[in-house]
Amino acid sequence: MLIIGHRGARGEAPENTLSGFNYLKSLGVFALELDIHVSKDQQLVVIHDYSLERTTTGVGLVKEQHAADLAALNACFYFKDWPYHDGVPLLKDVLALVNDFVHLQLEVKVKDAEDYAIVGRELAKLWPQFTHRIVTTSFNTDYLAYMQQHYPHISRGLLVESNFTGNIIATAQQLDCQLIAPHHSLLNKTLIDTAHQQGLMVSTWTVNDAQRMQDLAAMGLDSLITDYPSLALKTFIT
């Protein structure tokens, strides 16, 4: 089962930062989940929230800031004693840093059709360097449908909240996804086995308990997203 660092290693290093991704590499974990927004100047930037206050020294909405201004912020300030002060990075700079990674889940947060087009266009430029190592994921089925129509060669993954009541596999198939990533509370061996029979890879989020990690691995899960990759390594290697 593949261990995937959530926003880098969110519980151990500042999330969605270059230094946080470097920390993940230093652990020997070469699979990553990160989040994408679109800046005011139509650049793809890596940050989870729609607003800046929780993880940076900035104020306001990400989409109202230019990428250069986002890069000038401190996105590590909330992480006590962290020695670096990186800003909000461009996706292309992150991908240059992790170009040797084996698996990348790029969660797209945008909500507007105009932004779908920007994301699709920019991901299509980056795709040839990574081919099937990248999956663009989202809870937003409208975004996934846009990518299915306009960029069908780019792998897609359906993210599913814990309160989802629909048919996960049928929804993923309708969108021609290659991967499903339900919240771990929704997973059981039957769902995982059925997904595999239908040609779907199964990932899950966000698992920070060692026993739950072991239980999910025993079900045949393909990959597991965690805030604490060091814990996952300890759980499965020792």
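The shown structure was predicted, so the numbers you read here are calculated from the model rather than taken from an experiment. Note that residues are indexed from 1 along each chain, following the sequence as it is written. Where totals are concerned, whole chains, interfaces and linings use all residues; where local detail is concerned, this predicted model gives features only for residues with pLDDT of at least 70, and gives and counts side-chain atom pairs only at 80 or more. Side-chain numbers come from the whole structure's heavy atoms, not from hydrogens or water.

Asker: Before we move on, could you go through the side chain of Arg 7 and cite the residues and values that matter?
Answerer: Put simply, DSSP H or I for four residues or longer makes a helix, DSSP E for two residues or longer makes a strand, and each gets a number counted from the N terminus. With respect to the helices and strands, the residue Arg 7 is situated in the loop between strand S1 (2-6) and helix H1 (18-27). Polar contact is defined as a pair of N or O atoms within 3.5 Å, subject to the rule that within protein one atom must be able to donate a hydrogen and the other to accept it, and that residues adjacent in sequence are counted only when both atoms are side-chain atoms. A polar side-chain atom of Arg 7 sits 3.0 Å from a polar atom in the side chain of His 48. Between two residues, a contact is recorded if the distance between any of their heavy atoms is within 4.5 Å. Once residues lying within four places of it in the same chain are set aside, the contact partners of Arg 7 are Pro 14, Glu 15, Asn 16, Phe 21, Leu 32, Glu 33, Asp 35, His 48 and Arg 54.

Asker: Give me the lowdown on the packing of aromatic side chains, citing residues and values where you can.
Answerer: What describes a pair of aromatic rings is the distance from one ring centre to the other and the angle between the planes of the rings. Stacked, edge-to-face and tilted are the three classes for Phe, Tyr and Trp ring pairs, Trp counted by its six-membered ring, which pair at centre distances within 6.5 Å; planes under 30 degrees apart are stacked, over 60 edge-to-face, the rest tilted. All chains considered together, the criterion is met by 9 aromatic pairs. Judged by centre distance (6.1 Å) and plane angle (65°), the rings of Trp 82 and Tyr 84 are edge-to-face. Taking 5.6 Å as the distance between ring centres and 80° as the angle between the ring planes, the aromatic pair formed by Phe 139 and Trp 205 counts as edge-to-face. Of this pair, Phe 139 sits in the loop between strand S5 (134-138) and helix H5 (141-150) while Trp 205 sits in the loop between strand S8 (201-204) and helix H8 (210-218), placing them 66 residues apart in sequence. By way of ring pairs, the aromatic residues Tyr 23, Phe 77, Tyr 78, Phe 79, Trp 82 and Tyr 84 are connected into one cluster. The aromatic ring of Tyr 50 is capped on one face by Lys 111, whose charged end is 4.6 Å from the ring centroid. Put simply, a charge is over a ring when the Lys NZ or the Arg CZ is close to the ring centre, within 6 Å, and near the line of the ring normal, within 35 degrees.

Asker: Account for the pairing of strand S9 (residues 223-226), with residues named and values stated.
Answerer: Side chains of S9 alternate between two faces, with Ser 223 and Ile 225 and Leu 224 and Thr 226 buried alike. Both S1 and S9 contribute to a ladder of 4 bridges, which runs parallel. Residue pairing in the sheet places Ile 4 in a bridge with Ile 225 of S9. For two strands to be treated as a pair, DSSP must find at least two bridges joining them. Judged from the 2 bridges that link them, S8 and S9 form a sheet pairing that is parallel. Looking at the pairing, Ser 203 lines up with Ser 223 of S9. Orienting the strands away from the viewer, one traces the path from the first strand over the helix to the second; a clockwise path indicates a right-handed crossover. You can see the chain leave S8, run along H8 and come back into S9, and the turn it takes is right-handed. Only protein chains enter the accessibility calculation, which uses a 1.4 Å probe. A residue is then buried if its area is under 20% of the maximum for its type, exposed if over 50%, and partly exposed in between.

Asker: So what about the packing of H8 against helix H9 (residues 229-237)? Which residues, and what values?
Answerer: Where H8 contacts H9, the two axes come as close as 10 Å, and the packing angle between them is 60°. For the element pair H8 / H9, the angle class is oblique. Crossing hand, H8 versus H9: right-handed. Along its contact with H8, which presents Ala 210, Met 213, Gln 214 and Ala 217, the element H9 presents Leu 231, Ala 232, Thr 235 and Phe 236. What counts as an axis is a line fitted to C-alpha atoms, over the stretch in contact for a helix, and the angles between N-to-C directions run from 0 to 180 degrees. With respect to orientation, any angle under 35 degrees is reported as roughly parallel, any angle over 145 as roughly antiparallel, any angle of 65 to 115 as roughly perpendicular, and every other angle as oblique. Should the near helix be turned anticlockwise from the far one by less than a right angle, the crossing is left-handed, and should it be turned clockwise, the crossing is right-handed.

Asker: Describe the side chain of Thr 17, listing the residues and the values that go with them.
Answerer: Among the structural elements, Thr 17 can be located in the loop between S1 and H1. Judged by relative accessible area, which is 0%, Thr 17 ranks as buried. A distance of 3.0 Å separates a polar atom in the side chain of Thr 17 from the backbone nitrogen of Gly 20. Not counting chain neighbours up to four residues away, the residues in contact with Thr 17 comprise Ala 75, Cys 76 and Asp 86.

Asker: Describe the packing of helix H4 (residues 113-130) against H5, naming the residues involved and giving the relevant values.
Answerer: Between H4 and H5, whose axes approach to 10 Å, the crossing angle comes to 50°. Compared by their axis directions, H4 and H5 come out oblique. Seen from above, H4 lies across H5 with right-handed handedness. Between H4 and H5, the residues in contact are Tyr 116, Ala 117, Val 119, Gly 120 and Leu 123 and Asp 142, Tyr 143, Tyr 146 and Met 147, respectively.

Asker: Tell me what's going on with the pattern of salt bridges, and back it up with residues and numbers.
Answerer: When a carboxyl oxygen of Asp or Glu lies within 4 Å of a side-chain nitrogen of Lys or Arg, that pair is called a salt bridge. Under the defined criterion, the tally for this structure stands at 13 salt bridges. For Arg 10, the salt bridge is made with Glu 15, and the minimal N-O distance between the two is 2.8 Å. The class of Arg 10 is partly exposed, set by a relative accessible area of 31%. Notably, a salt bridge pairs Asp 49 with Arg 54, separated by 2.7 Å at the nearest N-O pair. A relative accessible area of 15% means that Asp 49 is categorised as buried. One network of salt bridges, with partners in common, ties together Arg 7, Arg 10, Glu 15, Asp 35, Asp 49, Arg 54 and Asp 227.

Asker: Quick one: what's the story with the nonpolar core, residue by residue and with numbers?
Answerer: Grouping buried Ala, Val, Leu, Ile, Met, Phe, Trp, Tyr and Cys residues that are joined through side-chain atoms within 4.5 Å yields what is termed a nonpolar core. Counting 55 residues, the largest nonpolar core has Leu 32, Leu 34, Leu 91, Leu 104 and Leu 123 as the members making the most contacts within it. It is H4 that contributes the most residues to this core, 7 residues altogether. Residues contacting Leu 32, with those up to four places away along its chain left out, are Ile 4, Gly 5, Arg 7, Gly 8, Phe 21, Leu 24, Val 94, Val 98, Phe 101, His 103, Leu 104 and Gln 105. Within the second largest apolar cluster, 9 residues are counted, among which are Leu 52, Val 62, Ala 67 and Leu 90.

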